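Secondary and tertiary structure notes
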Amino acid sequence: MAAEFKFIRVIDISALLEKWDDPNMDQDQGVAQVVRQLDQACREAGFFYVKGHGIPDSLVKEIRSISHKFFDLPYEEKVKIKLSAATGYRGYQHVGENITKGIPDMHEAIDCYREVKHGMYGTLGEAMEGPNLWPHDPPNFKKLMEEYIELCTDLSRKIMRGIALALGGSMDAFEGNKAGDPFWVLRIIGYPGASSAHHQEMPKNDVGCGAHTDYGLLTLVNQDDDITALQVRNSNGEWISAAPVPGTFVCNIGDMLKILTNGLYESTLHRVIVNFPKYRVCVAYFYEPNFDAAIEPLDVCVKRTGGTRKFEGAVYGKHLVSKVQTNFVE
Ligand SMILES: N=C(N)NCCCC[C@H](N)C(=O)O
Ligand SMILES: O=C(O)CCC(=O)C(=O)O
Ligand SMILES: [Fe+2]
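A short tour of the structure in this document, coming up.

So, how was this worked out
Residues numbered from 1 in each chain as written. Chains lettered and ligands numbered in written order. Predicted model: local features only at pLDDT ≥ 70, side-chain atom pairs only at ≥ 80, totals over all residues. Heavy atoms only, no water. Salt bridge = Lys/Arg side-chain N within 4 Å of Asp/Glu carboxyl O. Buried < 20%, exposed > 50% of the residue type's maximum accessible area, 1.4 Å probe, protein only. Helix = DSSP H or I, 4+ residues; strand = E, 2+ residues; numbered from the N terminus. Contact = heavy atoms within 4.5 Å. Core = buried A, V, L, I, M, F, W, Y, C linked by side-chain atoms within 4.5 Å. Near = heavy atom within 4 Å. Polar contact = N/O pair within 3.5 Å; in protein donor to acceptor, adjacent residues only side chain to side chain. Areas by Shrake-Rupley, 256 points an atom, 1.4 Å probe, with all protein chains shown as cover. Nonpolar A, V, L, I, M, F, W, Y, C, P; charged D, E, K, R; others polar. Donors = N, O, S within 2.8 Å, 3.2 Å for Na, K, Ca; no water.

**Notes on the pattern of salt bridges**
On inspection of all chains with the given rule, the structure shows 18 salt bridges. Put simply, Lys19 and Asp28 hold a salt bridge, and the shortest N to O gap is 3.4 Å. When its relative accessible area of 28% is taken as the criterion, Lys19 is described as partly exposed. The shortest N-O distance in the salt bridge between Lys78 and Glu108 comes to 2.9 Å. Taken together, the positions of Lys78 in helix H4 (residues 75–78) and Glu108 in strand S6 (residues 108–113) put the pair 30 residues apart, joining distant regions of the chain. Each member of the pair, Lys78 together with Glu108, is buried. Taken together, the shared-partner salt bridges connect Asp21, Arg161 and Glu175 into one network.

**What about the environment of Gly46?**
As for its placement among the helices and strands, Gly46 is situated in the loop between helix H2 (29–44) and strand S2 (47–51). Relative accessible area serves as the criterion here: at 0%, Gly46 is assigned to the buried category. Counting along the chain gives 207 residues from Gly46 to Ile253, while the straight-line C-alpha distance between them is 5.5 Å. Ignoring any residue separated from it by four or fewer positions in sequence, one finds Gly46 in contact with Ala41, Cys251, Asn252, Ile253, Glu266 and Thr268.

**Looking at the nonpolar core**
Counting residues in each nonpolar core, the largest one holds 105 residues, and the members touching the most others are Phe48, Met128, Ile159, Ile163, Leu186, Ile188 and Leu218. Per-element accounting of this core gives the leading share, 13 residues, to helix H6 (residues 141–166).

**Focus: the site of ligand 1**
Around ligand 1 lies a shell formed by Asn98, Ile99, Thr100, Asp105, Arg187, Cys209, His212, Asp214, Tyr215, Phe286 and Asn327. In the model, a nitrogen atom of ligand 1 is placed 2.9 Å from a nitrogen or oxygen of the Ile99 main chain. Contacts to ligand 1 include Thr100, whose side-chain N or O atom sits 2.8 Å from a nitrogen atom. Its free accessible area being 370 Å², ligand 1 has 93% of it covered by the protein chains. Of all elements in the fold, only strand S4 (99–100) and strand S8 (207–212) reach the threshold of two or more residues within the shell around ligand 1. Tallied by class, the residues present in the shell around ligand 1 amount to four nonpolar, four polar and three charged.

**Looking at the coordination of the iron ion (ligand 3)**
Working reference: metal with six octahedral donors, ideal angles 90 or 180 degrees; metal with four tetrahedral donors, ideal angle 109.5 degrees. Looking at the iron ion (ligand 3), one finds its protein donor set to be His212 (NE2), Asp214 (OD) and His270 (NE2), positioned 2.1 to 2.2 Å from the metal centre. Sequence spacing of the donor residues for the iron ion (ligand 3), all on one chain, is H-x1-D-x55-H. Placement of His212 in strand S8 and of His270 in strand S13 (residues 270–273) is noted, with a sequence separation of 58 residues between them. In this structure, His212 and His270 share a single accessibility class: buried.

Okay, here's the thing in structure tokens:
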């Protein structure tokens, strides 16, 4: 259970990024400090902000502004790239189509995943097969998002190295058959403002996204910088706001990292509340294990948590497919 934290720490990871590929990085003072801060934040909250992440601010902002432009288009235009089981759960979903714990979420979104070629993961992968569906309007959307995905993948791999060191094991604990070929997800999400009139036909509530945990390893949240809507639950059951901090990403831990760490780190419950009149955009990048990765507690973490394995193993792709198949109404 996440501790009784009252705020979410900001961690400057520039020292880690400078040395991430140095085999002696663990002996560097700057790296050691980042690693300590990551460990503390992962234990107490499962959430932290990263600054000094190296992704140009201009791109981070452009990603949000082009997303606003897409969501501003009429429904007929957006639904041209409609998500369904037949598209491998890739594409556009309208407000209220995504369901969390039985309640429709008041958001619309485009979901994209690392591509799965036919037969690549056998029957397990079939549900996710297909190319991503990109809108033609705004022009440049696909190119910009793909550039962003590449930078987020690089950045996440480096942060995961820091987390590997924090756990006291080998620095490449999350590479190779664990997450050497990460099955990333990008969700481009739009939350209509609380009083918005253009979805009158929808069931109305203030749940932008219901309480959930993320599925994989690490999430990078790029949110509009003028609205506070994301909330994180502490062990006391209080909801702590993850207010936007310009120049940072909100980072959080997913279910697979909880298993790998034998519960030393937890995937913390969070939700999005819509109580502001303005439209909000969030682009969430999820760094996940290999689709076919067998995930189980790392030996070093079992030792550190009393010697008993607390979780059954999981296959990441199975976990993901079970989630996406229950996320949408028919
Ligand atoms: N790929 C990730 N992590 N997506 C998070 C979406 C959370 C809401 C979803 N309806 C659910 O209930 O999980
Ligand atoms: O909108 C946000 O700030 C977070 C969205 C989220 O938690 C998710 O998509 O998993
Ligand atoms: Fe989430």
